[in-house]
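Report on the structure
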Amino acid sequence: MVSKREGSCLCGAVQFTAGEPLRPIVYCHCRQCRKQTGHFLASTATALDRFQLTCDQGLAWYRASEIATRGFCRICGSTLFWQRDGADEISIAAGTLDDSTGLIEDGHIFCAEKGGYYEPAGGKYQVPGSDRPATPQPEVLALRKPSMSPYPVKRRS
Ligand SMILES: [Zn+2]
Ligand SMILES: [Zn+2]
């Protein structure tokens, strides 16, 4: 039996279950996550076939880039999901889980676009863009040119 966690938006008009295993928490400091959340996005993820919407009454999707959409509650405004087009997993804002006990921190991505009022803390790595290291690389702190686009854009021909 696969255990699962329950989650919801602030008002309850979006509710879901996410089956284990859930990905360790990735903090994304990209401009889009900053703007959507008002700070940065802490997200876990699960396979789509282990994910179920149990109430989607308030769910709306915003296409923020050419490669992904962002799910939120149109009633209470909660940041909920990030979904790459065609991917078989869905990212879930960690704070929307009713119980996130036991989830561990992975690291920080898009640090080149982070807000100027804090330093990323916790986790095993900090990288300037989207490349998450497979193994902990805490020494990777040098920032690449901040001119890179927030996401590696895959153009379809
Ligand atoms: Zn809501
Ligand atoms: Zn982001």
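Residues numbered from 1 in each chain as written. Chains lettered and ligands numbered in written order. Predicted model: local features only at pLDDT ≥ 70, side-chain atom pairs only at ≥ 80, totals over all residues. Heavy atoms only, no water.

**Structural notes on the coordination of the zinc ion (ligand 1)**
- Protein ligation of the zinc ion (ligand 1) involves Cys9 (SG), Cys11 (SG), Cys73 (SG) and Cys76 (SG), the donor distances falling in the range 2.3 to 2.4 Å.
- Here the zinc ion (ligand 1) is ringed by 4 donor atoms whose angles at the metal span 106 to 113°, and the overall shape comes out tetrahedral.
- Expressed as a motif, the donor residue spacing for the zinc ion (ligand 1) is C-x1-C-x61-C-x2-C.
- Using a relative accessible area of 1% as the deciding quantity, one classes Cys73 as buried. (Donors = N, O, S within 2.8 Å, 3.2 Å for Na, K, Ca; no water. Tetrahedral: all angles 85-135°; square planar, octahedral: opposite > 155°, others 65-115°. Buried < 20%, exposed > 50% of the residue type's maximum accessible area, 1.4 Å probe, protein only.)

**Looking at the packing of aromatic side chains**
- Counting across every chain of the model gives 7 aromatic pairs.
- Geometrically, the ring pair formed by Phe16 and Phe81 is edge-to-face, given 5.2 Å between the ring centres and 75° between the ring planes. Taken together, the positions of Phe16 in strand S2 (residues 15–19) and Phe81 in strand S8 (residues 79–84) put the pair 65 residues apart, joining distant regions of the chain. Neither residue differs from the other here; Phe16 and Phe81 are each classed as buried.
- An aromatic cluster is defined as three or more aromatic residues linked by ring pairs; in this entry it consists of Phe16, Phe51, Trp61 and Phe81.
- Directly above the ring of Tyr118 sits Lys114, whose terminal nitrogen or CZ lies 5.1 Å from the centroid. (Phe/Tyr/Trp six-rings, centres within 6.5 Å; stacked < 30°, edge-to-face > 60°. Helix = DSSP H or I, 4+ residues; strand = E, 2+ residues; numbered from the N terminus. Lys NZ or Arg CZ within 6 Å of the ring centre and 35° of its normal.)

**Points about the sheet that holds strand S6 (residues 59–63)**
- The 7 strands are arranged S6-S7-S8-S9-S4-S3-S10 in an open sheet whose pairing can be described as mixed. The open sheet has two free edges, formed respectively by S6 and strand S10 (105–109), since each of these has just one partner strand. This sheet shows a mean twist of 30° between the axes of neighbouring strands, independent of strand direction.
- Pairing of strand S3 (residues 25–28) with S10, which is carried by 4 bridges, proceeds in the parallel orientation. Along S10, the bridge assignment pairs Cys28 with Ile109. (Pairing = 2+ DSSP bridges. Axes fitted to C-alpha atoms, helices over the stretch in contact; angles between N-to-C directions.)

**Comments concerning the pattern of salt bridges**
- Across all of its chains, the model carries 4 salt bridges by this definition.
- Between Arg63 and Asp85 there is a salt bridge, with the nearest N and O atoms lying 3.0 Å from each other. Taken together, the residues span a long stretch of sequence, with Arg63 in strand S6 and Asp85 in the loop between S8 and strand S9 (89–93) at a distance of 22 residues.
- Exposure remark for Asp85: the relative accessible area of 24% places this residue in the partly exposed category.
- Here Asp106 makes a salt bridge to Lys124, at a shortest N to O gap of 3.9 Å. Residue Asp106 is found in strand S10, and its partner Lys124 is found in the segment after S10; the two are separated by 18 residues along the sequence. (Salt bridge = Lys/Arg side-chain N within 4 Å of Asp/Glu carboxyl O.)

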